[in-house]
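# Structural description and commentary
Single-letter residue listing:
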Amino acid sequence: MLTRFLNQIDFTYIPAIKDLEVYADLIERMYSSASENSAMLDATKKFIDAIGEQTETLTQQLRTIFSGKASLSAPSNMAVLFRNLDFVHGEDEHSLFKQKGDGVKARHLPELLRFINENEANKKYFLWGFEEPENSLDLSAASLEARRFASFASRSDTQIFISSHSPAFYLAPSEEGCSTKRFFVEKQLLDEKNEVTPDRATSVIDKLEDADSTMRAAGLMQLPYVIRSLKDQQDALSKSQKEIDDLQTQLATLSQPTLFVEGKHDIKAYPKLLSAFGFNHSFDIKQFSGTPKNTKEIISAISMAGGLSPSSKTLFLFDNDPAGRSSLAAFAGKGSDTSGSPVKIGSGTLTAAVLPYQTQPFEQFIEECGLNESDIKFPFELLFVNDEMLEFVEEKTKSNTDWLEFIHGDYNRMPQKITNILRKFDLGSYGWLYARMVPDSLKSTFINKALKSPNKECDALKKLVKTVSETLQLSQDL
């Protein structure tokens, strides 16, 4: 049992001095592991056959001279044939092993070894023994290499032993899933009493404070100082890179057209809706914190949403309800179109609109209730009401007695003649839902379900998509 377990372990030793034989051994192993794949075996056979075809003239001459069979054959151990394979780098295709420095070559070793391990069919556990992997690497490159080793060691099938003089390795931070142990190893000698000193050859240096005292005793005090300086530089570099990335994101956003919406659910819904109609998501989308009702609130809301670019197309889109229509009037002036058509603001790049409500069931609802256009309440989710979604709402709200018993507050404040009609719609009918609206607790689920297969023949939906796509000049996917 123990022998079987040990046979499943592959141990690879990489010495401090890494000559070409080290790389040749790994290249040979790389072929041996990959050749267990039938595709590799077929490719190798075709390679040998092709050589045979090109040397057929030589083969025929040899047969004539020796009056017997003669042909080119592959070695019994094909892996030997591949020992001299090389890697090429750059456009000039420089040889890795003949033209690149020791540092570049050394950084190939972990990748080669990982490939070999992943393709060795008979091995399950892998031990690596690396001596001084920092050789020929500057401190910064050694630090990056240490992180790569930690990443490899985070695998459940791999354990790595490293001997190093570099603080980039022995003080490298642990990666997630990688348990790292560090030890300072001293040479033990016999003193005048013929006793071994020091008593222990190893001491733990898991903390920087431990390293300070250990390195001071070893006369290598400068190394922890160097690693501190390196970490400070790396932290500063990471911070600068993050600032650069954030700035690039902001600049990219400023150049994109922008859609301002009211609801928190709209942020995710509009990209999905436009995608369903074949338009790509090449625009920025922002949410108002509330519905602005006057110029002061408009300026404040835009500022809180991150501002806008005067050179980019911008569309302000509101629910078609009293608050949304007031916002449209504040943006574009009183008397603006409230049927859902876009309204230009001045001569610039700004446009505003309320949602189009022209669906056959909703227009019938308006007529039956005797509502004026200025009375209606039509939020985004009502664009998707159909028989399937009505059944969905009815099923999800059957125990929500507070919601079932009351019509929406805006409608409840209307004249009694209208409220009486609004309360009489049958359970599960279009008017029943229009009078109450989709409950807040159900909106997200309702919209996500509806967007899986929106009705592309719905006039109001088509009008909305046209308004957004043409105003923001979105391109349609081919």
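Above this text you will find the structure in question.
The text that follows walks through the structure, step by step, so that each part is easy to find.

Cut-off values and rules
Residues numbered from 1 in each chain as written. Predicted model: local features only at pLDDT ≥ 70, side-chain atom pairs only at ≥ 80, totals over all residues. Heavy atoms only, no water. Pairing = 2+ DSSP bridges. Helix = DSSP H or I, 4+ residues; strand = E, 2+ residues; numbered from the N terminus. Axes fitted to C-alpha atoms, helices over the stretch in contact; angles between N-to-C directions. Core = buried A, V, L, I, M, F, W, Y, C linked by side-chain atoms within 4.5 Å. Buried < 20%, exposed > 50% of the residue type's maximum accessible area, 1.4 Å probe, protein only. Contact = heavy atoms within 4.5 Å. Patch = residues over 30% accessible without salt bridge, like charges linked within 9 Å, V, L, I, M, F, W, Y side chains within 5 Å. Areas by Shrake-Rupley, 256 points an atom, 1.4 Å probe, with all protein chains shown as cover. Salt bridge = Lys/Arg side-chain N within 4 Å of Asp/Glu carboxyl O. Phe/Tyr/Trp six-rings, centres within 6.5 Å; stacked < 30°, edge-to-face > 60°.

## Structural notes on the sheet that holds strand 11 (residues 284-287)
Pairing in this open sheet of 5 strands is mixed, and the strands run 11-10-12-14-13 from one edge to the other. The sheet is open, and its two borders are formed by strand 11 and strand 13 (343-345), each paired with just one other strand. Averaged over all neighbouring strand pairs, the angle between strand axes comes to 25°, with direction disregarded. In terms of strand pairing, strand 10 (residues 258-261) meets strand 11 through 4 bridges, oriented parallel. When the bridges of strand 11 are listed, Thr258 appears paired with Asp284.

## Some points on the nonpolar core
Among the nonpolar cores identified, the biggest contains 57 residues, and Leu259, Phe362, Phe380 and Tyr411 are the most heavily contacted of them. With 5 residues, the top contributor of residues to this core is helix 23 (residues 459-471). Apart from the residues within four sequence positions on either side, Phe380 is in contact with Asp266, Ala269, Tyr270, Leu273, Asp319, Leu355, Ile447 and Leu464. If you look at the next biggest cluster of nonpolar residues, it comprises 27 residues, including Ile14, Leu109, Phe152 and Ala153.

## Quick word on the sheet that holds strand 5 (residues 158-163)
In spatial order, the strands read 1-4-5; together these 3 strands make up an open sheet with parallel pairing. The open sheet has two edge strands with one neighbour each: strand 1 (9-14) and strand 5. The mean angle between the axes of side-by-side strands here comes to 10°, regardless of whether they run parallel or antiparallel. In this structure, strand 1 lies alongside strand 4 (residues 125-131), joined through 6 bridges in parallel fashion. When the sheet's bridge partners are listed, Ile9 is paired in strand 4 with Tyr125. In this fold helix 8 (residues 109-119) packs onto strand 1, strand 4 and strand 5, with an angle of close to 160° to the strand it touches most, strand 4. In the packing of helix 9 (residues 139-153) onto the sheet, the strands contacted are strand 4 and strand 5, and the crossing angle to strand 5 comes to about 150°.

## As for a nonpolar patch on the surface
A contiguous nonpolar surface patch, about 410 Å² in accessible area, is contributed by Leu2, Phe5, Leu6 and Tyr125. Among the elements that make up the nonpolar patch, the one with the highest residue count is helix 1 (residues 2-7) (3 residues). Relative to the helices and strands, Leu2 is located in helix 1.

## Overview of the packing of aromatic side chains
The relative placement of two aromatic rings is captured by the distance of their centres and the angle of their planes. A complete count under the given rule lists 23 aromatic pairs for this structure. Ring centres 5.4 Å apart and planes at 85° place the aromatic pair Trp403 and Trp432 in the edge-to-face group. Separated by 29 residues along the polypeptide, Trp403 in helix 18 (residues 401-405) and Trp432 in helix 21 (residues 430-436) bring together distant segments of the chain. Of the residues examined, Trp403 reaches a relative accessible area of 12% and is grouped as buried. Using a relative accessible area of 2% as the deciding quantity, one classes Trp432 as buried. Taken together, a centroid distance of 6.3 Å and an interplanar angle of 45° make the contact between Tyr430 and Tyr434 tilted. Of the two residues, Tyr430 and Tyr434 are both situated in helix 21; the distance of 4 residues between them amounts to about one turn of the helix. On the accessibility criterion, Tyr434 (1% relative accessible area) is buried. One aromatic cluster is present, built from ring pairs that chain together Tyr357, Phe362, Phe365, Phe378, Tyr411, Phe425, Tyr430 and Tyr434.

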